[in-house]
Amino acid sequence: MNRAADVGLTALGDPTRARILRLIRESEDGRALVGNLATVLELRQPTVSHHMKALHDEGIVVREPDGRRVWYSIAPEHAERVDALLGDSPGSASPPDLQRISDDLALRFRGVFSAETVRATVDDSYTLLARAGTSTTLGSRVATFASTRLEALARAEGSPHGIPSVLFVCVQNAGRSQLAAGILRQLAGDRLVVRTAGSAPAGDVRQSIATALEEIGIPLAGEFPKPLTDEAVRAADVVVTMGCGDACPIYPGRRYLDWDLEDPVGKPLEQVRVIRKHIEARVRELLADLIPEHAVAGK
């Protein structure tokens with residue numbers, strides 16, 4: 001066993017590190033083990049070469065210049081998902097109670113949607129979110145996502161509303177769209193409905209994005225990457241796309257904006273701050289356009 005493996009895993013807690021080291025030692029094929037971890041960590045499947053195998057910038061890198069396996073640290077925020085794969089983790093979650101979630105939402109939306117419609121939305125939301133991998137917060141995410149979809153569907157089908165709605169869409173819903181939405185919510189308060197979605201959502205919002213928001217007084221709170229759905233677009237008055245190409249369906253009566261912005265994923269915090277500044281300038285312009293009397297000066 002290469003000593004670099006032990007050094008490289010120091011970012012993780014002792015129990016997780018010990019389990020991974022044990023699996024490495026027992027594994028007949030280090031490449032297969034890396035691939036399994038990559039799936040759980042919601043990372044891209046790597047292209048295998050003789051000398052290097054790179055997963056995501058926040059994941060594992062394996063270099064094999066002379067046949068040795070050298071493991072570098074897994075980002076600490078992924079430790080719980082590694083624990084879930086390895087088993088015996090106190091943080092691993094049991095499957096969400098979809099019936100309970102459906103019953104509660106059926107009560108909330110009584111008179112608006114039937115119990116059957118609510119259950120179908122909950123089931124579909126679970127399916128969409130589960131594709132991103134395991135999460136200790138999957139149950140609450142399903143409830144939140146299903147509720148948001150039902151609210152959007154009610155709005156799209158003509159329920160009375162007088163508050164403009166903005167939908168921010170990027171690829172992973174883990175960077176640009178979350179920055180834009182967080183800033184707009186902070187500035188607009190309850191004068192706007194703000195939603196986000198991703199054409200290929202990641203498992204979690206990037207830590208650098210959460211940090212960039214937190215340092216200007218905006219909490220990430222319970223936000224998480226959400227798949228782009230039809231009712232989200234139909235419910236929006238303004239749809240802002242950022243690098244997601246033609247993934248967003250076009251409906252008449254909506255205003256579509258395409259913001260050409262650098263993707264902050266994988267960038268150092270200093271660069272994320274620059275991207276945040278560019279996004280904020282556009283958000284302030286949009287806010288002044290949607291609510292002129294609420295125009296806010298700032299940089």
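Counting restarts for each chain, with residues numbered from 1 along the sequence as it is written. Given that this is a predicted model, residues contribute local features only at a pLDDT of at least 70 and side-chain atom pairs are listed and counted only at 80 or more, while totals for whole chains, interfaces and linings are drawn from all residues. In computing side-chain values, all of the structure's heavy atoms are included and hydrogens and water are not.

## A closer look at the overall build of the protein
When you go through the protein residue by residue, the secondary structure sums to eleven helices and seven strands. Looking at the protein residue by residue over its 299 residues, the buried ones come to 45%. A contact between two residues is defined here by any heavy atoms of the two lying within 4.5 Å. A sequence separation of at least 24 residues applies to 64% of the contacts in the protein between residues at least 6 apart. Residue-level accessible areas treat just the shown protein chains as cover; the underlying method is Shrake-Rupley with a 1.4 Å probe. Carbon together with sulfur atoms contributes 51% to the accessible area of the protein, which is approximately 14,700 Å² in total. Counting from the N terminus, the helices are DSSP H or I runs at least four residues long and the strands are E runs at least two residues long. When a residue's accessible area, from a 1.4 Å probe over protein chains only, is under 20% of the maximum for its type it is buried; when over 50% it is exposed; and in between it is partly exposed.

## Quick notes on the pairing of strand S6 (residues 238-242)
Among the five residues in S6, five count as buried, and that is most of the element. On S6, burial covers both faces: Val 238, Val 240 and Met 242 on one face and Val 239 and Thr 241 on the other are all buried. Here, any two strands with at least 2 DSSP bridges between them count as paired. When strand S4 (residues 165-170) meets S6, the two strands line up parallel, connected through five bridges. The residue of S6 that forms the bridge with Cys 170 is Met 242. One ladder, built from four bridges, connects S6 with strand S7 (residues 255-258); its direction is parallel. Counted as the bridge partner of Val 239 is Tyr 256 from S7.

## Section: unusual backbone geometry
A positive phi angle is found at Asn 173, which is not glycine, with a value near 55°. Counting through the fold element by element, Asn 173 comes out in the loop between S4 and helix H8 (176-188). Residue Asn 173 is classed as buried on the basis of its relative accessible area of 0%. Phi at Ala 221 is positive, roughly 55°, even though this residue is not glycine. Overall, Ala 221 belongs to the exposed group, its relative accessible area being 71%.

## Regarding the pattern of salt bridges
What counts as a salt bridge is simple: a side-chain nitrogen of Lys or Arg found within 4 Å of a carboxyl oxygen of Asp or Glu. In the structure shown here, the tally under the stated rule is 16 salt bridges. Ionic pairing is found between Arg 141 and Asp 204, a salt bridge with its closest N-O pair at 2.4 Å. Taken together, the residues Arg 141 in helix H7 (residues 138-156) and Asp 204 in the loop between strand S5 (193-198) and helix H9 (207-214) connect sequence positions 63 residues apart. Judged by its relative accessible area of 25%, Asp 204 is partly exposed.

## Observations regarding the confidence of the model for the protein
pLDDT expresses how confident the predictor is about each individual residue, on a scale running from 0 to 100. Mean pLDDT over the protein works out to 75, with 64% of the residues at or above the 70 mark. Low pLDDT (under 50) marks residues 27-79, which in the prediction has 109 contacts with non-local residues, meaning those over four places away or in another chain. Here residues 85-92 is modelled with pLDDT under 50, and outside its nearest four sequence neighbours on either side it reaches 14 contacts, counting other chains as well.

## Digging into the pairing of S5
Most of S5 is tucked away, with five of its six residues classed as buried. Relative to S5, S4 is paired through six bridges, and the arrangement is parallel. The residue bridging Cys 170 from the neighbouring strand is Gly 198, located in S5. Following the chain from S4 across H8 to the adjacent parallel S5, one finds a crossover that is right-handed. We call a crossover right-handed when, viewed with both strands directed away from the observer, the connection leading from the first strand over the helix to the second proceeds clockwise.

## A look at the sheet that holds S6
On the basis of which strands lie adjacent, the open sheet formed by four strands has the order S5-S4-S6-S7 and parallel pairing. Each edge of the open sheet carries a strand with a single partner, namely S5 and S7. Going from strand to strand, the sheet's axes swing by 20° on average, the running direction of each strand aside. Where H8 meets the sheet, its contacts fall on S4, S5 and S6, and the angle it forms with S5 comes to roughly 175°. Axis lines are fitted to C-alpha atoms, over the contacting stretch for helices. Their N-to-C directions set the angle, which ranges from 0 to 180 degrees. Running at roughly 165° to S7, helix H11 (residues 269-290) makes contact with S4, S6 and S7 of the sheet.

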